[in-house]
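# Analysis of the macromolecular model
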Amino acid sequence: YQKQYFGDFPFIASQHSLVAKHVTKEKWDALKNITTKTSGFTLAKAMACAVTFNNQHCGIYAGDWDSYKDFAPVFDPLIQEYHGISASSKHSSDMDVGKIKGNIAEDVPVHSCRIRVGRSIDGFGLSPGITKEQRVGVEKLMVEAVKSFPADLAGQYYPLTGMQENIRQQLVDDHFLFVSGDRNLTVAGMERDWPEGRGIFHNEKKTFLIWVNEEDQLRIISMENGGNVKGVFERLCNGIKMVGESVKKECGKDFCLDKKYGYVHSCPTNLGTGMRASVHIDLPGWTKHSVDKLKARCEELHLQPRGTRGESGGQTGHTYDISNKHRLGYSEVQLVQKMIDGVNTLWKEDQEFQKKLNM
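None of these values were measured; they are calculated from a predicted model.

The next subject is the overall build of the protein chain. If you tally the helices and strands in the protein chain, you get 13 helices and 10 strands. Reported as C-alpha extents along the three principal axes, the dimensions of the protein chain are approximately 65 × 50 × 40 Å. Of all 359 residues assigned to the protein chain, the portion counted as buried reaches 53%. Once local pairs closer than 6 in sequence are excluded, the contacts in the protein chain between residues at least 24 apart make up 72%. Looking at the protein chain as shown, the accessible area adds up to about 16200 Å², and 50% of this sits on carbon and sulfur atoms. Taken as two groups, the 46 positive and 45 negative side-chain charges of the protein chain have centres that lie 3 Å from each other.

Put into C-alpha cells, the structure is as follows:
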C-alpha cells in the first residue's frame with residue numbers, strides 16, 4: 001500500500017498487513033503525537049511489529065484500553081475487517097453455563113478439552129504498554145485473589161522471579177510455563193522488565209490455570225482429559241467470577257468490557273470473548289478421505305482445525321486440535337455450543353467415511 005515515504009512516516013515492512021492498509025499518511029499525521037493516559041502509549045509503539053517484521057498479518061497491539069479509543073481511526077476499520085463485523089455492531093458476553101445444550105457425545109474419541117480467555121483489569125495498562133508499577137499491581141491483585149478460591153479451584157501461585165529449578169522443571173513438564181524470547185512479544189514491548197511481575201497459578205488437579213502478565217494481564221485456562229466440554233466451561237466461568245469479585249473487593253476495579261469490542265485484550269484479534277475452546281480429537285476417516293476437505297468442512301461449521309503441535313506445528317497422524325473460529329460478534333455460550341455441536345457432527349461424518357473406506 002505504501003508507495004512513497006514522507007519524513008517521519010515509518011516504513012511498514014509487512015506490506016500486506018492490516019497495518020499497512022489502515023495506517024495511512026493522513027492518519028499517521030493526525031495520531032502520531034498522541035500519548036495515552038493510562039500507560040503513555042503511542043501509535044508508533046502500537047505498530048512496531050508491522051514496521052520491524054515483514055511477516056505480520058495484523059501487526060498492531062494496544063498498550064491500554066485508551067489505545068483502542070485514542071487510535072480509533074486505525075483500530076476501528078482494522079478490527080472490522082479482521083473480525084468481519086459492521087461499524088455499528090455491539091458485542092454481548094454470556095457466561096451462563098446453564099444455556100449449553102448437550103455435550104460432546106460419549107463415543108467421540110476426544111483426548112482432552114481446553115478453554116482459555118483473556119481478561120484485563122481497568123486502570124492498568126495492557127502488556128505492550130503496562131508500566132512497571134502497574135504490572136506489579138496486577139500481580140499483587142492476583143496473589144490476593146487466589147487465596148479466596150474454593151476447594152476445586154484452590155492451588156498455588158508461582159512467580160517467575162526467583163523460581164526454584166525443581167518447580168520450573170515441573171511447570172515445563174506440565175506444559176504450563178511461558179518463557180521469554182518470542183520476537184513478536186519482545187518488539188511489541190511485552191517483555192520489558194522480564195521476569196518481574198509475571199507468574200503462573202494452577203489448582204491442585206491442574207485443571208485450572210492463570211497466566212499473569214504474559215501477552216494479556218490475565219490468561220485464564222480451564223482444561224481436563226476427556227470430552228466434558230460443559231464441565232470445563234463451568235469451571236472457567238466460576239474461576240473468572242471468583243477473580244473478578246476479588247479484584248473488585250481489593251481495588252474497586254472491573255475487567256475492561258467494551259460495548260463494541262467485548263473484553264479488552266492487547267491483540268485486536270482476541271477482542272470480544274478472547275475465547276479459544278478446543279478439543280484434541282482423532283479423525284481417521286476424515287484424514288483418509290481428505291485433509292483439505294476437512295478444513296473446508298470446519299470452515300462451514302465455524303471451526304478451526306490445527307495439527308496437534310500448536311499453531312504452526314505439523315500434522316501428527318490423525319489427531320486434530322479443533323476450536324471455535326470466531327472471537328468477536330458471538331457470545332461465549334454460542335461459541336462453546338458451536339464447538340460441541342461441530343465436533344459431534346465431524347465424528348458422525350468420520351464414522352461414515354470409515355465405513356465407506358473399509359477402515
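This paragraph deals with the nonpolar core. Core analysis: the largest hydrophobic core is formed by 56 residues, its most contacted members being I210, L218, F233, V279 and I322. Those residues within four positions of I210 in sequence are excluded, and the remaining contacts are M142, F149, G199, I200, F201, L218, R219, I220 and V243. Judged by nonpolar contacts, the second largest core, of 30 residues, contains L18, A50, A62 and V74.

This next bit is on the sheet that holds strand β1 (residues 110–119). Taken in spatial order, the 8 strands of this open sheet run β2-β3-β4-β5-β1-β8-β10-β9, and their pairing is antiparallel. A strand with exactly one partner marks an edge of an open sheet, and here the two such strands are β2 (155–159) and β9 (303–307). Strand-to-strand twist in this sheet, taken as the mean axis angle between neighbours without regard to direction, amounts to 20°. Set on the sheet, helix α7 (residues 132–145) makes contact with β2, β4 (208–212) and β5 (218–225); between it and β4 the angle comes to about 160°.

This paragraph deals with the state of the cysteines. Disulfide: a covalent bond connecting the sulfur atoms of a pair of cysteines. Under the defined criterion, the tally for this structure stands at 0 disulfides. Cysteine C58 is unpaired, with the sulfur of C267 as its nearest cysteine sulfur at 5.2 Å. Under the relative-accessibility criterion, C58 is labelled buried at 9%. Not engaged in a disulfide, the cysteine C256 finds its nearest cysteine sulfur in C251; these two sulfurs lie 11 Å apart. On the basis of relative accessibility, which here comes to 2%, the residue C256 falls in the buried class.

The next point concerns the pattern of salt bridges. Charged atoms that come close allow side chains of opposite charge to pair. In this structure the tally under the stated criterion is 20 salt bridges. Salt-bridge contacts for D94 lead to K99; the nearest nitrogen and oxygen are separated by 2.8 Å. Assessed through its relative accessible area of 17%, D94 is described here as buried. K99 gets classed as partly exposed once you look at its relative accessible area, which sits at 42%.

This part covers α7. For α7, built from 14 residues, the straight-helix expectation of 20 Å at 1.5 Å per residue is met to within 8% by its first-to-last C-alpha distance of 20 Å. For α7, the set of buried residues is Q134, R135, G137, V138, E139, L141, M142 and A145. Packing partners of the buried residues in α7 comprise β2, β4, β5 and α10 (229–251).

Here the focus is the packing of helix α12 (residues 291–300) against helix α13 (residues 332–356). For the pair α12 and α13, interaxial distance at closest approach is 11 Å and the crossing angle is 145°. The chirality of how α12 crosses α13 is right-handed. Contacts between α12 and α13 involve L294, R297 and C298 on the former and, on the latter, T345, L346 and E349. Tallied by class, the residues present in the contact of α12 with α13 amount to 3 nonpolar, 1 polar and 2 charged.

The next point concerns α12. Capping the start of α12 is the job of one residue whose side-chain oxygen sits 3.3 Å from the backbone nitrogen of D292: S290. Immediately downstream of α12, the backbone of H302 shows phi near 60°, a positive value.

Turning our attention to the environment of G317. Its location among the elements puts G317 in the loop between β9 and β10 (319–324). C-alpha separation for the pair G317 and G307, spaced 10 residues apart in sequence, amounts to 8.9 Å.

Parameters and conventions
- Residues numbered from 1 in each chain as written.
- Predicted model: local features only at pLDDT ≥ 70, side-chain atom pairs only at ≥ 80, totals over all residues.
- Heavy atoms only, no water.
- Helix = DSSP H or I, 4+ residues; strand = E, 2+ residues; numbered from the N terminus.
- Buried < 20%, exposed > 50% of the residue type's maximum accessible area, 1.4 Å probe, protein only.
- Contact = heavy atoms within 4.5 Å.
- Areas by Shrake-Rupley, 256 points an atom, 1.4 Å probe, with all protein chains shown as cover.
- Lys, Arg positive; Asp, Glu negative; His and termini not counted.
- Charge placed at Lys NZ, Arg CZ, Asp CG, Glu CD.
- Core = buried A, V, L, I, M, F, W, Y, C linked by side-chain atoms within 4.5 Å.
- Pairing = 2+ DSSP bridges.
- Axes fitted to C-alpha atoms, helices over the stretch in contact; angles between N-to-C directions.
- Disulfide = S-S within 2.5 Å.
- Salt bridge = Lys/Arg side-chain N within 4 Å of Asp/Glu carboxyl O.
- Expected span 1.5 Å × (residues − 1).
- Left-handed = near helix turned anticlockwise from the far one by under 90°.
- Nonpolar A, V, L, I, M, F, W, Y, C, P; charged D, E, K, R; others polar.
- Polar contact = N/O pair within 3.5 Å; in protein donor to acceptor, adjacent residues only side chain to side chain.

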